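Notes for the structure review
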Amino acid sequence: MCSSDLTVIMDTGSVVTAIPCQNCKGCGKHSGGRHVPHGHGTETGVFVVKNSNTARQTGARFSQSYTEGSSLSGTYVEDNLCLGQDCDLETEGIRFKFGCATKMTNLFRTQLADGIMGMANHGSTVLNAMRGKFHKDIYTLCLSPANGFFTIGGYETVRHYSPVVWNPNFQASKNKYYHIQVSGIHVDGTNSGVTKDMLKYSAGGALVDSGTTYTYIPNKAHAKIAAQYNKFCSAAGSNCAGTKVSYDKTSIACYSSLSPAQKASHPHIQFVTAGGTLCIPPQQYFFEERGKSCVGLLRDSTSFVLGGNFLMNYDVIFDRETGRVGFARAS
């Protein structure tokens, strides 16, 4: 494949691995494909099949749509693939079919990464294809605002500064994705009144999705959290610094751009799970847009999704051997 010349989103909520290819329509400009050595099959941010000595067209087409409205389509290409800087293609590599995108829409045209790497629990993913190459069927994602770590075959505790909170991956044997059950949500330690049935508990609970930017909460639960958030902010004292504004109606609250110190005066949000409580500080859940700071816990008519802002600064461990998902606060 294309080594480190092109970049991809690590997406636990999808299956397809795809990168932009030659003649891609309206694919935009991304971070990869610059200063590429000759013969790697890439040029100015796209993969060129004819320039690769190992790639071949399969003749099969693919089309993939995503929840937030973007899509990819093109053909499947087969090539050699190896993961890791020191990967030995002869002993650790595989032949893999990936999406060679000739059309991108919406966010895929403007995102920093060139493409996407689906890492769902089942399906034709890179990780599933490489299962036999690793000591254990475990991988971890540790995301931060600046960079992160992707570890395959185990997890490292050296970066952890809290114990791992383990939760069963709901019906892992037949579930394509990763779900954990949340039984309640607290605002700065106070129960918001959210019940299990509001959080899709019997249906699997929350989707753990690194490819979704924000966290989406079903309507009834969102209303309860918003009410408790506003109660916290209206209490006497220095709670919730900043000037509240009307901006994103799906957010719990928006403010004129907040400084780090102002964000720190807002409540922590706790998600109660069977394995323990997962706490999200305000510096983590706020997002910035057009001079506004908004709480990135957004209302959704149906979905319950723990997105990138929830996963940030956790080492998230996908233990597929035992059907568990673990969360440890990490640097």
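In this report, the structure presented in the accompanying data block is examined. If you're wondering where the values come from, they're calculated on a predicted model, not measured in any experiment.

**Considering empty space enclosed by the protein**
Tallying each qualifying case throughout the model produces one cavity of 30 Å³ or more. Its boundaries defined by the atoms lining it, the largest cavity holds a volume of some 60 Å³. What lines the largest cavity is simply Leu127, Arg131, Phe134, Lys136, Asp137, Ile138, Tyr139, Ile152 and Arg320. Its residues placed into classes, the lining of the largest cavity shows five nonpolar, no polar and four charged.

**Topic: the nonpolar core**
In terms of nonpolar packing, the biggest core is built from 59 residues, with Val208, Tyr229, Phe271 and Phe327 touching the most fellow members. Element by element, the count of residues in this core is highest for helix H4 (residues 219–234), at six residues. Dropping the residues within four chain positions of it, tyrosine 229 is found in contact with Val187, Ile252, Ala253, Tyr255, His266, Pro267, Ile269, Tyr285, Phe286 and Val295.

**Describing the pattern of salt bridges**
Applying the stated criterion across every chain, the model contains eight salt bridges. In this structure, arginine 131 and aspartate 137 form a salt bridge, with 2.6 Å as the shortest nitrogen-oxygen distance. For aspartate 137, a relative accessible area of 17% puts it in the buried group. Residues joined in a network through salt bridges with shared partners are Arg56, Glu78, Asp79 and Arg95.

**Some thoughts on the sheet that holds strand E10 (residues 148–152)**
Read from one edge to the other, the open sheet built from five strands follows the order E10-E9-E25-E26-E11, with strand pairing classed as antiparallel. The outermost strands of the open sheet, each flanked by one partner alone, are E10 and strand E11 (165–168). Pairwise comparison of adjacent strand axes, ignoring direction, gives a mean angle of 15° for this sheet. Direction of pairing for E11 relative to strand E26 (residues 324–329): antiparallel, over a ladder of four bridges. Paired with proline 168 across the two strands is arginine 324, which belongs to E26.

The rules behind these values
- Residues numbered from 1 in each chain as written.
- Predicted model: local features only at pLDDT ≥ 70, side-chain atom pairs only at ≥ 80, totals over all residues.
- Heavy atoms only, no water.
- 1 Å grid on protein atoms, 1.4 Å probe; cavity = no way out; pocket = protein on both sides within 12 Å on 5 of 7 lines; lining within 4 Å.
- Points joined across faces, edges and corners; volume = space filled by probe spheres on them.
- Nonpolar A, V, L, I, M, F, W, Y, C, P; charged D, E, K, R; others polar.
- Core = buried A, V, L, I, M, F, W, Y, C linked by side-chain atoms within 4.5 Å.
- Buried < 20%, exposed > 50% of the residue type's maximum accessible area, 1.4 Å probe, protein only.
- Helix = DSSP H or I, 4+ residues; strand = E, 2+ residues; numbered from the N terminus.
- Contact = heavy atoms within 4.5 Å.
- Salt bridge = Lys/Arg side-chain N within 4 Å of Asp/Glu carboxyl O.
- Pairing = 2+ DSSP bridges.
- Axes fitted to C-alpha atoms, helices over the stretch in contact; angles between N-to-C directions.

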